[in-house]
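# Secondary and tertiary structure notes
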Amino acid sequence: MSASLEKGINVLKEQVDSTVAAFFSSCVHCGMCTDACLFYTETGDPSKTPILKAEPLRRIWKSEYTLSGRIAKLFGLGKKVDEKLLTDWETLVYDSCTLCGRCSMVCPVGNDITLLIRKTREGMAAAGHAPEGLIAATKRSVTIGSPMGVKLPALQAQIRHVEKDTGLTIPVDVEGADYMLLLSSMEIMHFPEFIGAVAKIFNKAGVTWTLSSEAFEATNSGIQIGVSDIAAELVQRTVDAAEKLKVKTVISPECGHAYMAIRWDGPNLVGKSFNFKVRHILEVLDELRQQGRLKTSSMDTQKLTYHDPCQISRRGGVINEPRNLIGMFAENFVEMSDRGKMNWCCGAGGGVSSNERADEIRLKVFQRKKDQLDEIKPDAIISACSNCRLHLEEGLEEYGMDIPLLSLTEILAEHLED
Amino acid sequence: MTDIPEGKDETLGDVLRQRGISRRSFLKFCATTASMMALPPSMIPTIAHALERAKKPSVIWLSFQECTGCTESLTRAHSVTIENLIFDSISLDYHHTLQAASGHAAEEARMAAMEENYGKYLLVVDGSIPLGNPGYSTIAGISNYDMLMETAKGAAAIISVGTCAAYGGIPHAKPNPTGAVSVGEIIKDKPIINVPGCPPIPVVITGVLTHFLTFGTIPELDHIGRPKVFYGQSIHDRCYRRTFYDKGQFAETFDDEGARKGWCLYKLGCKGPTTYNACATTKWNNGTSFPIESGHPCLGCSEPEFWDGGGFYKALSMPTEDISKTVIYTAAGAVAAGVAIGAIQKGRKNSAVASHSKTTIDDLEK
C-alpha cells in the first residue's frame with residue numbers, strides 16, 4: 001500500500017536513458033503513428049495518438065534532462081507530472097494500448113514508441129495508477145505462480161486428462177531433456193489440447209522434452225503492468241528451473257507477451273545472459289520441419305488464414321515459420337491485407353484482456369480485425385497465441401461472425417503422418 | 001554592329017527582312033523563345049508583334065575587370081542565327097571590343113547615347129568593379145566605379161553578364177587583391193538581371209532581351225537575381241548521367257571503366273547538384289554538347305563564389321578548406337561539454353536509481 005506519486009516520478013526518472021532522450025528529441029510531431037494505431041482508427045479519438053500516451057515520461061525527460069526544461073522548472077514553468085495527469089493517462093496507457101508495436105513500425109524517425117509507452121507504465125504502476133485487474137493478476141502471478149491462479153495440482157489434473165486422451169506420457173521434471181516447455185495459464189485451463197499436440201509432435205519427431213513443476217507458467221504480468229522488479233522475479237523462476245533441469249532450450253508456448261518476456265526482455269531483466277536457448281514453439285516446429293522430422297499426411301481444404309500475434313510476429317520476428325508450417329497442410333491459405341510485421345492487433349494484448357475496465361474498448365476496436373476478415377471471408381483462423389485466440393473468439397461472437405479459431409500447433413498435430 | 005545613325009529608326013522587323021530572314025523562321029524563333037521562357041503558346045503572336053515593331057533599343061556595354069570571354073561567347077556563332085541577328089539589331093552604341101571608334105570618339109558615343117536615350121537604354125556590364133583601389137582598372141582615365149555610376153543613372157535596366165559582373169567572379173576570388181565586387185553590390189536603385197556563367201549561355205541574353213522588348217519588363221528572377229526560366233533547375237536534375245548517380249554508378253578516375261562507360265562524375269568533383277543553369281538543356285556550340293557530355297565535371301561557374309567553392313575535382317561532400325584543426329578543437333570542445341553534461345545527467349539518473357526501492361506486489365496500490 002505504498003505506491004505514491006513521488007515513487008512514480010522517481011521511477012520515470014530512472015526510465016530515461018539515451019534511447020528515451022533520443023526518441024523524444026527526434027519526434028517531429030508528424031502524427032503518422034496515429035493512423036497506425038487501431039485505438040485511433042476505430043474510435044477517431046486523437047487522444048489515442050501513440051506518442052501522446054508517453055506524455056508523463058516525456059514531461060519527466062523534458063523537465064529533468066533538458067536545459068530548456070530545467071530552466072522552465074526553475075521558474076516554476078513547464079508541464080508537471082501530477083496525480084491529475086496520471087489519472088487522466090491511466091486509460092490511455094493501459095486500456096488503449098496493447099503494446100502491439102505497430103506505431104513503432106511507421107515512425108519516420110525510427111522511434112520505438114511502444115518502448116516509450118512500456119516505460120511510462122513503469123512510472124504509472126509505481127504511482128499506483130495501474131488498473132485493478134492487472135494488479136490482481138500480478139499479485140496472483142507472484143503469490144500463486146500464475147495470473148489466473150492456476151496451481152500445480154490443476155496442471156497435474158490436466159496432464160492426466162491429456163495422457164488418457166493421447167496415450168502418451170507427459171514428461172515432468174525430466175533432467176537433461178533437450179527442451180523445457182512453458183505453458184500459459186490459458187492453455188492449461190482453456191486449451192489443454194495444446195499439451196497433447198506438443199506431446200504428439202515431439203513423440204513423432206523423437207524430441208526429448210519436459211515440463212517443470214516449479215516453473216511451468218510462461219506469462220509474465222510484470223511485463224504487462226510495467227514493473228521490471230516483478231518481471232525479473234518471474235523470469236528468474238524460469239531461469240532457475242531451466243538450470244536445475246539442465247535443459248538446452250526453453251520453449252515459449254502459444255502466447256505473445258510470454259515470448260517477448262522470456263526471450264527478449266528476460267536476460268536484460270535478470271541482468272545476465274542465459275545458459276540455455278529460448279525459442280518459440282513455432283520456431284522449434286519449423287526447425288523440425290527443415291530437418292525432415294515432421295511429415296504431414298492429410299491436407300486441409302478449408303480457406304484458412306493466419307492471425308499474426310504482435311509479440312511473436314512484429315516484435316518477435318517469427319513470421320515465416322508459421323507460414324512454412326501452414327504450407328504443410330493447407331491447400332487454400334489466404335493472407336489478410338495487413339499481415340506479418342504490419343498485422344493489426346486483435347485488441348486485447350499487453351494486459352488489456354486482464355483489465356475489465358477495457359472490455360468495452362477492446363471489443364470496439366475489434367472492428368479493425370472484423371474488416372480484415374470480411375475482406376477475405378476465411379473458413380477458419382489459425383493463430384499462435386491463446387490470448388489472441390480467446391479475444392478473437394469473443395470479438396467474432398460480439399459481431400455475430402461464425403469463424404472457428406485454431407491453434408497452429410494443434411492443427412499441425414492433427415495432420416501429422418501416423 | 002557599330003553605331004549606324006541612319007538605321008536608328010528601323011524596327012527589328014525591318015532589319016530581319018533586310019537580312020533575308022523568312023517570316024517562318026522568325027515565328028519559329030518567337031515560338032522557341034516563348035517555350036524556353038515557359039510562356040504560354042498564346043504569347044507567340046505577342047512576341048512576334050512586339051519584336052516586329054520594336055525600335056532598335058540602345059544598348060551600352062561596359063567592360064570592367066573581365067577577360068572578354070563573355071563577349072566571345074555571345075558573338076561566337078558558327079552559323080548566322082536569329083539570336084545573332086537580334087544582337088545585330090540592337091543599337092550597340094558602346095562596346096570596347098566591338099566598336100570601331102576609339103579614344104575620345106568612343107567616349108563621346110557613350111555620352112551621346114546616354115543623352116539621347118536617357119531613362120530608356122539598356123546597360124550591359126561584364127566584369128567586376130575594383131573598390132580596393134580605383135586605379136586597378138580605368139577606361140579613358142575614368143575608374144570603373146565612376147563610369148558605372150554615371151552610366152547606370154539613365155539606364156532602364158542593367159544586365160550583369162557573366163559571373164564577374166553578377167557575383168564578382170574570378171577577380172573576387174580569395175584573396176581578392178583588387179577588392180572586386182559585383183554590379184549588384186554597388187547599384188541598388190535599378191532592376192538588375194544577373195546572367196552568370198563563365199561564360200554565360202548566349203541564348204539566355206537574347207531571351208532576356210526578347211522579354212524586355214516584348215513586355216517592357218524583366219523576367220521573373222530567383223533569389224540571386226537570375227532569370228528563373230534559365231536558372232530554375234540544377235544541372236544535376238537535368239543531367240543525362242543522372243540515372244547513374246541514382247544507381248550509385250560513379251567514375252572514380254578520368255580513365256577508369258566507369259569514366260569510359262559514361263557514369264556519373266560526382267566523385268570527380270562535379271558541381272552539378274549545386275549549380276543552377278541551362279547547360280544540360282540548351283547546351284553549347286549550337287546545341288552540340290555541354291561539359292559533362294564531354295566527360296568533364298561541371299565547375300559550377302554560374303554560382304556565386306564558384307572559384308572559392310573548393311577544388312574543381314573534389315567531390316561536393318568533401319570539406320572545401322583545411323578544417324582539420326577546427327574540427328579537432330570543436331570535437332574536443334564538444335566531447336568535453338558532452339562529458340560534463342553527461343556526468344550531470346548521469347548524476348540525476350543515478351540519484352533516481354539510488355532512491356529506487358524495489359517495487360513488490362504490495363506497492364501497486366496506494
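If you're wondering where the values come from, they're calculated on a predicted model, not measured in any experiment.

Here the focus is the overall build of chain A. Helix and strand counts for chain A stand at 23 helices and eight strands. Here chain A holds 418 residues, and 52% of them are scored as buried. Counted over contacts in chain A with a minimum sequence separation of 6, partners at least 24 positions apart contribute 83%.

Before going further, it helps to spend a moment on the overall build of chain B. Looking only at helices and strands, chain B has 16 helices and nine strands in total. By the burial criterion, 38% of the 366 residues in chain B qualify as buried. Intrachain contacts of chain B at a sequence separation of at least 6 include 71% that bridge at least 24 residues.

What follows is about the nonpolar core. A:M180, A:L181 and A:A231 are the most contacted members of the largest nonpolar core, which has 123 residues in total. A per-element tally of this core places helix α16 (residues 228-245) of chain A first, with nine residues. Other than its neighbours up to four places away in sequence, A:A231 contacts A:N220, A:G222, A:I223, A:A261, A:D265 and A:L269. Ranked by size, the runner-up nonpolar core spans 77 residues in total, among them B:V125, B:I129, B:A155 and B:C298.

Residues and elements named next belong to chain B. With six of its six residues buried, strand β3 (residues 121-126) lies for the most part within the structure. Because side chains alternate across β3, one face comprises the buried residues Y121, L123 and V125, and the other comprises L122, V124 and D126, equally buried. Pairing between strand β1 (residues 58-63) and β3: five bridges, direction parallel. Within β3, the residue paired with L62 across the bridge is V125.

The next thing to look at is the environment of A:Y399. Residue and element names in this part refer to chain A. Along the chain, the position of Y399 falls in the loop between α22 (386-398) and β8 (405-407). Overall, the presence of 14 C-beta atoms within 10 Å leaves Y399 in the partly exposed class. Sequence separation between Y399 and K370 is 29 residues, and the spatial gap between their C-alpha atoms is 7.9 Å. Contacts of Y399, omitting those with residues within four sequence positions, involve F366 and K370.

The partner chain B presents 15 residues to the 21 residues of chain A that form the contact. Only α1 (5-15), α6 (55-65), α10 (113-126), α11 (132-143) and α16 of chain A provide two or more residues apiece to the side of chain A that touches chain B. By residue number, the principal contributor to the side of chain A that touches chain B is α11(A), which donates four residues. For the side of chain A that touches chain B, the residue count by class is 11 nonpolar, five polar and five charged.

A separate point is the sheet that holds β1(B). Hydrogen bonds between backbone atoms are what pair the strands of a sheet, whose relative direction is either parallel or antiparallel. All names here are of chain B. Read from one edge to the other, the open sheet built from five strands follows the order β2-β1-β3-β7-β9, with strand pairing classed as parallel. The open sheet has two edge strands, β2 (91-94) and β9 (192-195), and neither has a second partner. Here the strands of the sheet are splayed against their neighbours by 25° on average, with no regard to which way each runs. Pairing geometry for β3 and strand β7 (residues 155-161), over six bridges, is parallel. Across the sheet, L122 pairs through a bridge with A157, a residue of β7. Across the sheet, helix α6 (residues 103-116) touches β1, β2 and β3, and the angle it forms with β2 is around 125°. Helix α7 (residues 144-152) rests against β1, β3 and β7 of the sheet, and its axis sits at about 165° to β1.

Calculation notes
- In this convention, every chain numbers its residues from 1, walking through the sequence in written order.
- Starting at A for chains and at 1 for ligands, labels are handed out in the order in which the entities are written.
- Where local features are concerned, this predicted model is filtered to residues with pLDDT of at least 70; where side-chain atom pairs are given and counted, the filter is 80 or more; whole-chain, interface and lining totals use all residues.
- Working definition: helices are DSSP H or I runs of at least four residues, strands are E runs of at least two. Numbering for both runs from the N terminus.
- With C-beta atoms placed from the backbone, a residue is buried if 20 or more other C-beta atoms are within 10 Å of its own, exposed if 12 or fewer are, and partly exposed between those counts.
- What counts as a contact here is a pair of residues whose C-beta atoms, placed from the backbone, lie within 7 Å.
- Joined through C-beta atoms within 7 Å, a set of buried Ala, Val, Leu, Ile, Met, Phe, Trp, Tyr and Cys residues constitutes a nonpolar core.
- Pairing between strands is defined by DSSP: at least two bridges between the two strands are required.
- Charged means Asp, Glu, Lys or Arg here, nonpolar means Ala, Val, Leu, Ile, Met, Phe, Trp, Tyr, Cys or Pro, and polar covers whatever is left, Gly included.
- Angles shown run from 0 to 180 degrees and are taken between the N-to-C directions of axes, each axis being a line fitted to C-alpha atoms and, for helices, limited to the stretch in contact.

Purely geometric stuff here, so don't read any function into it on its own.
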